[in-house]
Amino acid sequence: MSDRNPGDNRQGDMVERRRISALRSRLWRPALVAGGIGLLLSMAAAYAVGRWEQRVTRVEFEGVAATQLIEMQNGINEYLSRLVTLRTLFESANEDVTRSEFEVFGGRLFESHPGILRVGWVPKIYRKERAEYEAAAVSDGVPGYRIKALATDGGLSPAPESSVYFPVFFSTEAKTSPVYGLDYSTEPIRWATLARARDNDAVAVMPTRLFRDAKGSTQGVLVSVPVYVKGTSRTTVADRRRNLAGYVVGIFDLAHLLQSIRTATAASSAIVINAYPPDLETNAGPGHQSVPDYSSAPPTAQTMRAFATEPSWSGPLKIGDANWRVQAIPAAGGRLTARYDRALTVLTAGIAITAFLAVYLGLASRNSRQLALANRRVLELAQTDILTGLPNRAFFLEQLKDVGLYERRDRGVFSILMLDLDRFKNVNDSLGHAAGDALLRQVAVRLNSALRGTDVLARLGGDEFAIIQAGCHDQRASSIDLASRISKLIAEPFQLQGHRVEIGTSIGVALAPEHGSDQEQLLKKADLALYRSKSAGRNCFTLYDEAMSAELEARNTLEGDLRDAIARCQFEVHYQPYFDVQTGRRRGVEALVRWRHPTRGLISPDLFIPLAEETGLIVPLGEWIIRQACDDAVSWPADTTVSVNLSPVQFKQAELFDIVESVLRKSGLSPERLEIEITESVLLERAVENHAFMERLKSIGVSLALDDFGTGYSSLSCLTAFPFDKIKIDKSFIGKLSKRHKSSAIISSIVTLARGLDMSVTAEGVETREQLEELRTLGVNFAQGYLLGRPVPIGELEGLRPSRGARLDAA
């Protein structure tokens, strides 16, 4: 029998159990604490990693979306540039562009460019021209062509009578398409778009309906590019409205166009893009999402809900003067959707959180590096000329700023060379823009071959290039040597599409700090030197000197004074008589303009006439001269004619004939008493238009004289092709008349030629009796010069009243 009390046994068992429980508690406490802390740390780390992962994915998503928007914008710009190229076709052509030329040029220009449904030419047609245009279209093979208006119900009907129409005249559509003849001015919204393009001289865009057939229409985009009459001013809105010739109009299927751009650029499918039309706001709230013009994914309910509720990225897609709003979201299940895989891995790793975190950060660093490389590539694209692969203007200006800071710090020097290709436009016009692009690439290769690795070469745009050269022992000599080598290098022939092409380059050089240290001033001075090279005959180089700035300042001052002089009528018309060599009677006078400056006195025409021609001020000045001359001549004897010079710039005025006719009508001067003097340079451009203008002058009785014959591009063909009545021999031949037998032979030949063509001959610059007698012997009809009479104001001109007949003997 046991001596122990059963109650004591039960108490001991309870104590033992408590001790074991306490031991277990102490044993697991560090593990629990560690587990708790580890769990908290894992959760905190997982939360932090999850948020970081979300940010990285967001940044990568925004980078991909921004890159795709840039690619779409570049694609859109390419399409618009081709429309602007069509405008260049109309504005640069000397003759009207024919339908076949438009169709061939437009077809080649937009070949392999899906998304452009059609391109059309919408000319400005006045009421009196309507029947002529309709008949011409029918003659070109457009059946039943009529100018039509767009009815309110969307149908087409004959356009009502109007002072002006803007119908579709040329189009890349089939000639049976109902779009032919559609008058855009009859539809207010379209007409507002065209008017906006005209007034701003810019590409104007609007969403519109696409007329596919007579059954209906769908949505699209209308792009309009204004075209102005060649050679006319477009400085002000009034100028643009007056000189508008028409529009190049393109109709885009935006959805098809954007999809083709994304396909061509291999756009990532990891994001979904919607493009919304302008003037429509996108609201993220349900039920307020506008219908997109384009969506890169099928518009399912899930996609529409994602665009309305999920975070998105947006940016503007500029088409002409309108902005489409591009909105992007990550594609469902794509690589740019935050999955939180790494955070879950960190959370489940527990004790190995540090190792897993290190691996995760390593992987994340790789992704971050890829993102940085992608962003760097985007930056490089923004600073690179796509055509030649050279840096562009933005990169060049940045490098110029850096070089300037570095050289100023080290007291060094550097130079800027501005280059402009000569005769590049001829290559574009004769061989096409593709050949011009190939030529620019070859030029870039040759320029690179002439430079050191430290030199900076950039294409500024068009056919303009620029070079920064620094770090030379003798910077001036090195710049001159480089410019010389480049001139010779570019002058060597190029091979383009089986054609041998020869061009040149004009170069302007500015040195820093000799010519300044300011970036803008150096560029300006290099440009001035480049302008001097072009003025000197091209294919040469010029080093800037301070006289160029002084010349520019003097020229600007003179231009300002010239504008004021025209506004304040500070000009006078002086008259120089010319005489019949055989009879000695005065037969007429030549009107010569003089500028009486309020402070500088009488300014020679040699100083301001070239400036007036260059700035276009010769147009109002020339109109004033012919008005004043006709008003003065109306009171002179009926057998006295007045000669007025017309500038080549004036010949580019479409309304020049109307001005001459109006002056004659208002002054009352008989057209037979007006003689228009024309220089040979007029005959080199717009030959057809100028010939028609001269024939119109002849039809009303105005006579025509070929001035300064023998000094320009004299050609016997111009004497037979153009209806001249008189030839004026330049004074350079008259001055050598008594010294050189060759001058007598030339004048004799001109007189014989003129007689055979039933023309008279006037000799200019007669200053001696011997010259006059020699001219009489050679058979010249008329003589003019200081011997016979200097140019004088009308008040000092004697012998032009019927009672006083001046004779050559008095001279």
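Scroll up to find the structure.
Presented here is a report on the structure given in the accompanying data block. (Residues numbered from 1 in each chain as written. Predicted model: local features only at pLDDT ≥ 70, side-chain atom pairs only at ≥ 80, totals over all residues. Heavy atoms only, no water.)

1. A few points about the overall build of the protein
Keep this limit in mind: Each helix corresponds to a stretch of at least 4 residues labelled H or I by DSSP, and each strand to a stretch of at least 2 residues labelled E; elements are numbered beginning at the N terminus. The buried label applies to any residue whose accessible area, calculated with a 1.4 Å probe on protein chains only, is under 20% of its type's maximum; exposed applies above 50%, and partly exposed to all values in between. Whether two residues are in contact is decided by their heavy atoms: any pair within 4.5 Å suffices. Accessible surface is estimated by sampling points in the Shrake-Rupley manner with a 1.4 Å probe; for residues, cover comes only from the protein chains shown.
Secondary structure assignment for the protein yields 23 helices and 30 strands. Relative to its 811 residues, the protein shows a buried fraction of 45%. Considering only contacts within the protein whose residues lie at least 6 apart along the sequence, 67% involve residues at least 24 apart. As displayed, the protein has an accessible area near 41100 Å², and 54% of this comes from carbon and sulfur atoms.

2. A word on the sheet that holds strand β16 (residues 464-470)
The criterion, for reference: Paired strands, as defined in this entry, are two strands with at least two bridges between them according to DSSP. Every axis corresponds to a line fitted to the C-alpha atoms, with the helix fit spanning only the stretch in contact, and the corresponding angles, defined between N-to-C directions, vary from 0 to 180 degrees.
Taken in spatial order, the five strands make up an open sheet running β15-β16-β14-β19-β20, and their pairing is mixed. This sheet does not close on itself; its edge strands, each paired only once, are β15 (456-461) and β20 (541-543). Strand-to-strand twist in this sheet, taken as the mean axis angle between neighbours without regard to direction, amounts to 20°. Two strands pair when backbone bridges link them, and strand β14 (residues 414-422) and strand β19 (residues 504-512) are joined in this way by nine bridges, in the antiparallel orientation.

3. Things to note about the side chain of K124
What counts, and what does not: Charged residues are defined here as Lys and Arg on the positive side and Asp and Glu on the negative side; His and the ends of the chain fall outside this count. Here a salt bridge means any side-chain nitrogen of Lys or Arg lying within 4 Å of a carboxyl oxygen belonging to Asp or Glu. Under the rule applied, a polar contact is a pair of N or O atoms within 3.5 Å (in protein, one hydrogen donor and one hydrogen acceptor; residues adjacent in sequence only if both atoms are side-chain atoms).
Along the chain, K124 turns up in the loop between β1 (116-123) and β2 (125-126). Summary of buried charges: K124 has no salt-bridge partner, and the nearest side chain of opposite charge, E129, is 9.1 Å away. Of the polar contacts made by the side chain of K124, one reaches the backbone oxygen of R241; its length is 3.5 Å. With sequence-adjacent residues up to four places away left out, K124 is seen in contact with E129, V164, Y165, F166, R241, R242, L244, A245 and G246.

4. Here's the deal with the nonpolar core
Keep this limit in mind: To qualify as a nonpolar core, a set must consist of buried Ala, Val, Leu, Ile, Met, Phe, Trp, Tyr and Cys residues joined through side-chain atoms within 4.5 Å.
The biggest cluster of nonpolar side chains holds 75 residues, and the ones touching the most others in it are Y575, V642, L674, I676, F724 and I747. For this core, the element with the highest residue contribution is helix α17 (residues 618-633), accounting for eight residues. If near-sequence neighbours (up to four positions away) are discounted, I676 is found in contact with I626, V644, L646, L697, V702, S703, L704 and A705. In terms of nonpolar packing, the next biggest core, distinct from the first, is built from 70 residues, F169, L194, F252 and Y294 among them.

5. Regarding a nonpolar patch on the surface
Operational definition: The residues that make up patches have over 30% relative accessible area and no salt bridge, and they are joined within 9 Å when like-charged or within 5 Å when they are Val, Leu, Ile, Met, Phe, Trp or Tyr.
There is a patch of nonpolar side chains on the surface, built from L39, M43, L344 and L347 and spanning about 370 Å² of accessible area. Those elements giving two or more residues to the nonpolar patch turn out to be α1 (6-92) and α8 (341-349). Looking at where M43 falls in the secondary structure, it is placed in helix α1. Judged by its relative accessible area of 46%, M43 falls in the partly exposed class.

6. Details of unusual backbone geometry
That bond from A512 to P513 is cis: its omega, 5°, falls within 30 degrees of zero. Among the structural elements, P513 can be located in the loop between β19 and α14 (519-535). Positive phi values are uncommon outside glycine, yet C569 reaches one of about 55°. By secondary structure assignment, the location of C569 is in the loop between α15 (546-568) and β21 (571-580).

7. A look at the sheet that holds strand β13 (residues 322-330)
Spatially, the four strands line up as an open sheet ordered β11-β10-β13-β12, and their pairing is antiparallel. Each edge of the sheet is formed by a strand with only one pairing partner; in this case those strands are β11 (294-295) and β12 (313-319).

8. What to know about helix α18 (residues 656-667)
Spelled out, the test is: Expected helix span is taken as 1.5 Å per residue step, with the number of steps being one fewer than the number of residues.
A rise of 1.5 Å per residue sets the reference length of α18, with its 12 residues, at 16 Å; its end C-alpha atoms lie 17 Å apart and thus fit the reference within 8%. Taken residue by residue, α18 has L656, F657, I659, V660, S662, V663, L664 and S667 as its buried positions. Packing partners of the buried residues in α18 comprise α17, β24 (641-646), β25 (674-679) and α19 (687-699). Of the residues flanking the end of α18, it is G668, one or two places downstream, whose phi is positive at about 85°.

9. Topic: the packing of helix α12 (residues 433-449) against helix α13 (residues 475-491)
We apply this condition: Crossings are classed by handedness, with left-handed meaning an anticlockwise turn of the near helix from the far one by less than a right angle and right-handed meaning a clockwise turn. All residues other than Ala, Val, Leu, Ile, Met, Phe, Trp, Tyr, Cys, Pro, Asp, Glu, Lys and Arg, Gly among them, are scored as polar; the first ten of these are nonpolar and the last four charged.
Following both chains from N to C, one finds α12 and α13 inclined at 145°, their axes separated by 10 Å at the closest point. Seen from above, α12 lies across α13 with right-handed handedness. Contacts between α12 and α13 involve V443, R446, L447 and S449 from the first element and I486, L489 and I490 from the second. Here the residues of the contact of α12 with α13 sort into five nonpolar, one polar and one charged.

10. Topic: the packing of α18 against α19
Keep this limit in mind: Roughly parallel means an angle under 35 degrees; roughly antiparallel, over 145; roughly perpendicular, 65 to 115; everything else is oblique.
Running from N to C, α18 and α19 point in directions that differ by 15°, and their axes come no closer than 10 Å. The angle between the axes of α18 and α19 places the two elements in the roughly parallel class. Judged by the twist between their axes, the crossing of α18 over α19 is right-handed. Touching L656, F657, D658 and V660 of α18 are F693, R696 and L697, all from α19. A per-class count over the contact of α18 with α19 returns five nonpolar, no polar and two charged.

11. With respect to the packing of aromatic side chains
Basically, it comes down to this: Planes of paired rings set the category: under 30 degrees apart is stacked, over 60 is edge-to-face and the rest tilted, where pairs are Phe, Tyr or Trp rings (Trp by its six-membered ring) whose centres lie within 6.5 Å. Think of it as a cone above the ring: NZ of Lys or CZ of Arg counts as a charge over the ring if it is within 6 Å of the ring centre and within 35 degrees of the ring normal.
Using the criterion set out here, one finds 16 aromatic pairs in the structure. Ring plane angle 20° and centroid distance 3.9 Å describe the contact between F90 and W121, whose orientation is recorded as stacked. Here the residue F90 occupies a position in helix α1, and W121 occupies one in strand β1, the gap between them amounting to 31 residues. The pair F90 / W121 is uniform in exposure class, with both members buried. Between F166 and W191, the ring centres sit 4.9 Å apart and the planes meet at 40°, which makes this aromatic pair tilted. Separated by 25 residues along the polypeptide, F166 in the loop between β5 (164-165) and β6 (170-171) and W191 in helix α4 (residues 188-200) bring together distant segments of the chain. For W191, a relative accessible area of 23% translates into the label partly exposed. Each residue in the set F90, F102, W121, Y133, Y145, F169 and F170 is aromatic and connected to the rest through ring pairs, giving one cluster. Across the ring face of Y184, the terminal group of R190 is positioned such that the distance to the ring centre comes to 5.2 Å.

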